[in-house]
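One letter stands for each residue in the lines below.
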Amino acid sequence: VKVTEFHSLPGDDACGVGKHRHKERLVIAITDASIKMTTEDGKSQDLDLKAGTAFWGGTETHMVVNTGKQPAKFYAVEVKGAK
């Protein structure tokens, strides 16, 4: 596996710079976080995550911004060889 740690200040990108692509991965919120995720097709979703929340993300291109008032921290765990 490959583990990446992401740090984000309020108003900044949360898991990559601008529009970017991820392979399938497990995402774990290390801190409480409010984020706005916009997919490649322009659809957006506001999420309020509690520390310890984990979810599976498929292969996708998106943009994610920290919309909260505090710094946010996430781990992304990718399986090597995943699409």
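What you are looking at is a predicted structure, and each value in this text was computed from that prediction instead of being measured.

What counts and how
- Residues numbered from 1 in each chain as written.
- Predicted model: local features only at pLDDT ≥ 70, side-chain atom pairs only at ≥ 80, totals over all residues.
- Heavy atoms only, no water.
- Core = buried A, V, L, I, M, F, W, Y, C linked by side-chain atoms within 4.5 Å.
- Buried < 20%, exposed > 50% of the residue type's maximum accessible area, 1.4 Å probe, protein only.
- Helix = DSSP H or I, 4+ residues; strand = E, 2+ residues; numbered from the N terminus.
- Contact = heavy atoms within 4.5 Å.
- Pairing = 2+ DSSP bridges.
- 1 Å grid on protein atoms, 1.4 Å probe; cavity = no way out; pocket = protein on both sides within 12 Å on 5 of 7 lines; lining within 4 Å.
- Points joined across faces, edges and corners; volume = space filled by probe spheres on them.
- Nonpolar A, V, L, I, M, F, W, Y, C, P; charged D, E, K, R; others polar.
- Polar contact = N/O pair within 3.5 Å; in protein donor to acceptor, adjacent residues only side chain to side chain.
- Axes fitted to C-alpha atoms, helices over the stretch in contact; angles between N-to-C directions.

Q: Any chance you could explain the nonpolar core here in plain terms?
A: Counting 14 residues, the largest nonpolar core has Phe6, Ala14, Ile35, Leu47, Leu49, Val64 and Phe74 as the members making the most contacts within it. Taken together, the elements giving at least two residues each to this core come down to β3 (25–29), β4 (33–39), β5 (44–49) and β8 (72–78). Contact partners of Phe6, with chain neighbours within four places excluded, come to Ala14, Cys15, Gly16, His22, Ala72, Lys73, Phe74 and Ala76.

Q: Would you mind showing me how to read the pairing of β4 here?
A: In the case of a regular strand, side chains alternate between the two sheet surfaces. As paired elements, β4 and β5 share 6 bridges and run antiparallel to each other. Bridge assignment links Lys36 to a residue of β5, and that residue is Asp46. The antiparallel pairing of β4 with β5 creates a hairpin that spans 4 residues between the two strands, and Gly42 there sits at a positive phi of about 90°. In the sheet, β4 pairs with strand β7 (residues 60–66) via 5 bridges, with the strands oriented antiparallel. In the strand pairing of β7, Thr39 is matched with His62.

Q: Help me out: how do you make sense of empty space enclosed by the protein in this one?
A: Following the criterion strictly, the structure yields 1 cavity of 30 Å³ or more and no others. One number sums up the size of the largest cavity: a volume of about 150 Å³. As for the largest cavity, its lining consists of 15 residues, of which Cys15, Arg25, Val27, Phe55 and Val64 are closest to the centre. Split by residue class, the lining of the largest cavity holds 11 nonpolar, 2 polar and 2 charged.

Q: It is not clear to me how the side chain of His20 should be interpreted in this structure. Could you clarify?
A: With respect to the helices and strands, the residue His20 is situated in strand β2 (residues 20–22). For His20, the side chain forms a polar contact with the main-chain oxygen of Gly18, separated by 2.8 Å. A distance of 3.0 Å separates polar atoms of two side chains, one belonging to His20 and the other to His22. Setting aside residues no more than four positions away along its own chain, His20 makes contact with Cys15, Glu60, Thr61, His62, Met63 and Val64.

Q: Please clarify how the sheet that holds β8 should be interpreted in this entry.
A: Strand pairing in a sheet takes place through backbone hydrogen bonds and is either antiparallel or parallel in direction. Read across the open sheet, the 4 strands follow the order β1-β8-β3-β6; overall the sheet is antiparallel. Whereas interior strands pair on both sides, the edge strands pair on one side only; in this sheet they are β1 (2–8) and β6 (54–57). Taking the axes of each pair of neighbouring strands and ignoring which way they run, one obtains an average angle of 25° across the sheet. Here 4 bridges tie β3 to β6, and the two strands are oriented antiparallel to one another. Its bridge partner being in β6, Val27 is matched across the sheet by Phe55.

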